[in-house]
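Here's the letter readout for the chains.
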Amino acid sequence: MKVLLLVTCILCQLTIVFGQFSGAKIISSNSQGASSVFAIDLDLDADLDILSASELDSTIAWHENLGSGLFGAREVISNNVLGAMCVHAADLDGDLYPDVVAVAHESNTISWFKNLGNGSFGAEQVLSNNADGAESVFLADTDGDADIDILTTARWDDEISLFENLGSGTFGPMQTISSSVSSPRQVLAADLDSDGMNDIIGVSDNYVVWFENQGSNSFGPSQQLHYLFYMISACIADIDNDGDQDIIALSLYETALIENLGNGLFAAGVPINSSLGGHYVAAEDFDGDGYKDFIVADGGLNAIYLYINNTIGGFMPHQTISGVYDYIKSAYGSDLDGDGDADILSASYDDNQVAWNENLEITDVQQNELSDVKIYPNPARDFIYIEAKDTRHNSSTLKVMDALGRLVDADISTNENSVRVNVSSLNSGIYYLSIFTNGISTTSKLIVE
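As the structure is a prediction and not an experimental result, all values here were calculated from the model.

**Here's the deal with the overall build of the protein chain**
Next up, step 1: Helix and strand content of the protein chain: 2 helices and 42 strands.
Next up, step 2: Within the protein chain, the proportion of its 449 residues that are buried is 56%.
Next up, step 3: Sequence-distant contacts, at least 24 apart, represent 46% of the contacts inside the protein chain between residues at least 6 apart.

See below:
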């Protein structure tokens, strides 16, 4: 239905603009076989620097954040990490500087590099050279002693392992958490059962599994949470803001949400997208509403997808982020330019690229723009009105969608300066009013009582 709306005013006041990102900005185009990225303040200057692992040139490197969205040249930490697959960082030795941990699947090594300050790093310190098909690393305090332990996967050994941090840059021997998780692709840690201890989450070929932390780096048996064919990645986030950690599971072919019900119980997985998967998933609040959204890096279709949290335990239909990528393998969300919103960092393998997409979300609105338009009442039972004082009009398409992004039947009528939306036939809940104008889609939340 075509309606006459004061689009200029409506875009300023009444809408939440989702997914406003720049195109990909190249940080490096010579990271041969870029496979992993991570953002952290390596030089303690209060901005986020960029770490990368590139498989084909066996390199762990970093780019200094120069401020204002600019990054320095690629600085090599090591070019002898054979088949570098994944990189992570945290302060391992208690000197406040984040150290770097990497895994490499050709040399089967797990190793770390001490941050010496001033942008320099020590020599490679190998923790193990016997992790067959080392693919993933994650850093977390698993034993509650206030230092950071190291979790890794060895895909061809079917192993998820732990290196306990003994303090002052020393680590215990490799401790096998499980040797029966089929081809583990990823390992994570989070307190899933709210007992104050980080549990371990693994991604196998077909399942997300978790191991309950029983204290003193002892873990319970593997518990399978959800099946997806060719599972490849997962991320942990409190999706429904109920205080416990949920899981987003990703396969090459679909995406699902596993809701945490509390006390170590989980609901059956619910499809978020039953026909689209990817290679890597990461959660962050990209639209600044206090709810975790997530991004997917899809190497098959060479795209980044953004899923916005609908604030009631689900997600809006995905949006594709602008950019040119060739076999994108990793993505990460963090505020790279220091403007208060989360940007997107990525690594793509075949074009040797580390890049970022700036979040262009507008958070400040001038008061004189707000006075021209109003929506009322909201919440509503029968009708919602959109009124404008200005008499200049543009032609727009107006649609009402439910929380899953499906169109619903709501009678929309208009006169010269107002629009009336009849919501009396809708069930109580949250809906979205979408306005499509000049190729721009904007969305405002509606509450029906």
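Having seen it, we continue.
**Some thoughts on the environment of Glu124**
Next up, step 1: Tracing the sequence through the fold places Glu124 in strand 12 (residues 120-128).
Next up, step 2: Look at Glu124 and you get partly exposed, because its relative accessible area is 28%.
Next up, step 3: Placed 14 residues apart in sequence, Glu124 and Ile110 show a C-alpha to C-alpha distance of 9.8 Å.
Next up, step 4: Beyond its immediate chain neighbours, meaning those up to four positions away, Glu124 contacts Asn80, Val81, Thr109, Ser111, Trp112 and Phe113.

**Comments concerning the confidence of the model for the protein chain**
Next up, step 1: Mean pLDDT over the protein chain works out to 87, with 85% of the residues at or above the 70 mark.
Next up, step 2: Predicted confidence is poor over residues 362-372, with pLDDT under 50, and the contacts of this stretch with residues over four places away or in other chains come to 11 contacts.
Next up, step 3: Scored below 50 in pLDDT, residues 390-394 shows 14 contacts in the model against residues more than four places distant or in partner chains.

**A word on the packing of aromatic side chains**
Next up, step 1: Within this structure, the stated rule accounts for 12 aromatic pairs.
Next up, step 2: Ring centres 5.8 Å apart and planes at 70 degrees place the aromatic pair Trp112 and Phe171 in the edge-to-face group. Taken together, the residues Trp112 in strand 11 (residues 109-117) and Phe171 in strand 17 (residues 170-171) connect sequence positions 59 residues apart.
Next up, step 3: The exposure class assigned to Phe171 is buried, which follows from its relative accessible area of 14%.
Next up, step 4: Look at Phe229 and Tyr230: their rings are 6.4 Å apart centre to centre, the planes differ by 70 degrees, and that puts the pair in the edge-to-face class.
Next up, step 5: Its relative accessible area of 47% is what places Phe229 among the partly exposed residues.

**Side note on the sheet that holds strand 23 (residues 231-237)**
Next up, step 1: The antiparallel open sheet is built from 4 strands, whose spatial order is 23-24-25-28. Edge strands, defined here as strands with exactly one partner in the open sheet, are strand 23 and strand 28 (270-273). Direction aside, neighbouring strands of the sheet carry axes that sit 25 degrees apart on average.
Next up, step 2: Here strand 25 (residues 255-258) runs beside strand 28; their pairing, made up of 3 bridges, is antiparallel.

**A closer look at the pattern of salt bridges**
Next up, step 1: For the structure shown, the criterion picks out 7 salt bridges.
Next up, step 2: Close ionic contact of Glu358 with Lys25 constitutes a salt bridge, the shortest N to O distance being 2.7 Å. On the criterion of sequence distance, the pair formed by Glu358 in the loop between strand 35 (353-357) and helix 2 (367-370) and Lys25 in strand 2 (residues 25-28) is long-range, its members being 333 residues apart.
Next up, step 3: Lys25 sits in the partly exposed class, given a relative accessible area of 31%.
Next up, step 4: A salt bridge links Glu135 to Arg185, with the nearest nitrogen and oxygen atoms 2.8 Å apart. Taken together, the residues span a long stretch of sequence, with Glu135 in strand 13 (residues 134-140) and Arg185 in the loop between strand 18 (175-178) and strand 19 (186-190) at a distance of 50 residues.
Next up, step 5: On the accessibility criterion, Glu135 (13% relative accessible area) is buried.
Next up, step 6: With a relative accessible area of 13%, Arg185 lands in the buried category.
Next up, step 7: Overlapping salt bridges bring together Asp93, Asp95 and Lys114 as one network.

**Examining the pairing of strand 4 (residues 49-54)**
Next up, step 1: Counting buried residues in strand 4 gives 6 out of 6 residues, a clear majority hidden from the surface.
Next up, step 2: Neither face of strand 4 is open: one carries Asp49, Leu51 and Ala53, the other Ile50, Ser52 and Ser54, and all of them are buried.
Next up, step 3: Here strand 3 (residues 34-40) runs beside strand 4; their pairing, made up of 6 bridges, is antiparallel. Residue pairing for strand 4: Ser36 is matched across the bridge by Ala53.
Next up, step 4: As judged from the 5 bridges shared by strand 4 and strand 5 (residues 59-63), these two strands associate in the antiparallel manner. Residue pairing for strand 5: Ser54 is matched across the bridge by Thr59.

Reading the values: rules and limits
Residues numbered from 1 in each chain as written. Predicted model: local features only at pLDDT ≥ 70, side-chain atom pairs only at ≥ 80, totals over all residues. Heavy atoms only, no water. Helix = DSSP H or I, 4+ residues; strand = E, 2+ residues; numbered from the N terminus. Buried < 20%, exposed > 50% of the residue type's maximum accessible area, 1.4 Å probe, protein only. Contact = heavy atoms within 4.5 Å. pLDDT = per-residue confidence, 0-100. Phe/Tyr/Trp six-rings, centres within 6.5 Å; stacked < 30°, edge-to-face > 60°. Pairing = 2+ DSSP bridges. Axes fitted to C-alpha atoms, helices over the stretch in contact; angles between N-to-C directions. Salt bridge = Lys/Arg side-chain N within 4 Å of Asp/Glu carboxyl O.

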